[in-house]
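Observations on the model geometry
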Amino acid sequence: MNHPLIKHKLTIIRDKNTGSKEFRELVKEVSMLMAYEVTRDLHLEEIEIETPVSKTKSQVISGKKLGLVPILRAGLGMVEGMLSLLPAARVGHVGLYRDPETLKPVEYYCKLPSDVNERELIVLDPMLATGGSASAAIGFLKDRGAESIKLVCLIAAPEGIEVVKEAHPDVDIYVASVDEKLNDHAYIIPGLGDAGDRLFGTK
Ligand code: PRP
Ligand code: URA
């Protein structure tokens, strides 16, 4: 995404001297700005309303209802910003962590809205590194009946984008920045470090 506000805020998020409080606030703000772009293709329908001075036809959002699905933990940091623009969205949670040895995602929690098959789902995770976590989360959602899924990340490595595109060609991916590469520990370079730790102050 090329918006100057997103670029500016992302620079502060990346800075290692930015503490958890400011990091959380900025992740929320960037998520809200991204929600604006991600919802650009929502369907509209015309309804009749009455202003204080006349009757008129005007547009409202129609079509499938929305569901936000943060990947725990770090995806939680994006929920509030998204909800501030999409207050009616339901929120499901998928708990995954990346095993530090194998780098493979391990599922530990899943709770979704019961009508997940009827919703347009927006999967949230600040980091798309190897793509293992996002691919697995999207796979779990499809196993549970989800048909319409978008993925929204703050920072992605080219490798991770390829992995998700290969596994889920039907899923549109929205990222604030595509970074250079992964390092030997599968961290994104330059990235922002460990998103979960920086959000929650666990390191
Ligand atoms: C981070 C991040 C993604 C995942 C990305 O989560 O939030 O979910 O790594 O890596 P991948 O694309 O290589 O799978 P982490 O496993 O550190 O868990 P946490 O959110 O609980 O800190
Ligand atoms: N997970 C993170 O939090 N950061 C990375 O750079 C890669 C995976």
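Check the entry above for the structure.
Everything numeric here is computed off the predicted structure, so don't read it as measured data. (Residues numbered from 1 in each chain as written. Chains lettered and ligands numbered in written order. Predicted model: local features only at pLDDT ≥ 70, side-chain atom pairs only at ≥ 80, totals over all residues. Heavy atoms only, no water.)

Once that is clear, we can look at the packing of helix α4 (residues 132-143) against helix α5 (residues 158-167). It is the contact of α4 with α5, at a shortest axis distance of 8 Å, that shows an interaxial angle of 25 degrees. Taken as axis vectors, α4 and α5 run roughly parallel relative to one another. Read as a crossing pair, α4 and α5 show a hand that is right-handed. Between α4, through Ala134, Ser135 and Ile138, and α5, the contact on the second element is made entirely by Val163, Val164 and Ala167. (Axes fitted to C-alpha atoms, helices over the stretch in contact; angles between N-to-C directions. Helix = DSSP H or I, 4+ residues; strand = E, 2+ residues; numbered from the N terminus. Parallel < 35°, antiparallel > 145°, perpendicular 65-115°, else oblique. Left-handed = near helix turned anticlockwise from the far one by under 90°. Contact = heavy atoms within 4.5 Å.)

Our next topic: helix α2 (residues 20-38). One turn of the α-helix equals 3.6 residues, which is why residues spaced by three or four share an orientation. With 19 residues, α2 should cover 27 Å at 1.5 Å per step; its first-to-last C-alpha distance of 26 Å lies within 8% of that length. Those residues of α2 that fall on the buried side of the exposure criterion are Phe23, Leu26, Val27, Val30, Ser31, Met34, Ala35 and Val38. Contact partners of the buried residues in α2: α1 (4-14), α3 (79-85), β7 (119-124), β9 (148-156), β10 (172-178) and α6 (195-200). (Expected span 1.5 Å × (residues − 1). Buried < 20%, exposed > 50% of the residue type's maximum accessible area, 1.4 Å probe, protein only.)

What follows covers the nonpolar core. Note on soluble globular proteins: their nonpolar side chains tend to be buried together. Core analysis: the biggest nonpolar cluster contains 34 residues, and Ile13, Met34, Leu124, Val152 and Leu154 have the highest contact counts within it. Those elements that provide at least two residues to this core are α1, α2, β3 (65-72), α3, β7, β9, β10 and α6. With seven residues, the top contributor of residues to this core is α2. Setting aside residues up to four positions removed in sequence, leucine 124 forms contacts with Leu68, Val69, Pro70, Ile71, Gly75, Met78, Val79, Met82 and Val152. Core analysis: the next-biggest nonpolar cluster, separate from the first, contains 24 residues, Ala136, Ala146, Ala156 and Val164 among them. (Core = buried A, V, L, I, M, F, W, Y, C linked by side-chain atoms within 4.5 Å.)

Time to look at the layout of surface pockets. Of the pockets and cavities examined, the largest pocket occupies roughly 670 Å³. Around the largest pocket, the lining is made up of 29 residues, and of these Tyr97, Arg98, Ser133, Tyr187 and Asp194 lie nearest the centre. At the level of secondary structure, the elements contributing two or more residues to the lining of the largest pocket comprise β3, β5 (93-98), β8 (127-128), α4 and α6. Class assignment for the residues of the lining of the largest pocket results in 16 nonpolar, seven polar and six charged. Computed from the structure, the second largest pocket encloses a volume of approximately 210 Å³. The wall of the second largest pocket is formed by 14 residues, among which Ile61, Lys64, Lys65, Leu66 and Ala88 lie closest to the centre. (1 Å grid on protein atoms, 1.4 Å probe; cavity = no way out; pocket = protein on both sides within 12 Å on 5 of 7 lines; lining within 4 Å. Points joined across faces, edges and corners; volume = space filled by probe spheres on them. Nonpolar A, V, L, I, M, F, W, Y, C, P; charged D, E, K, R; others polar.)

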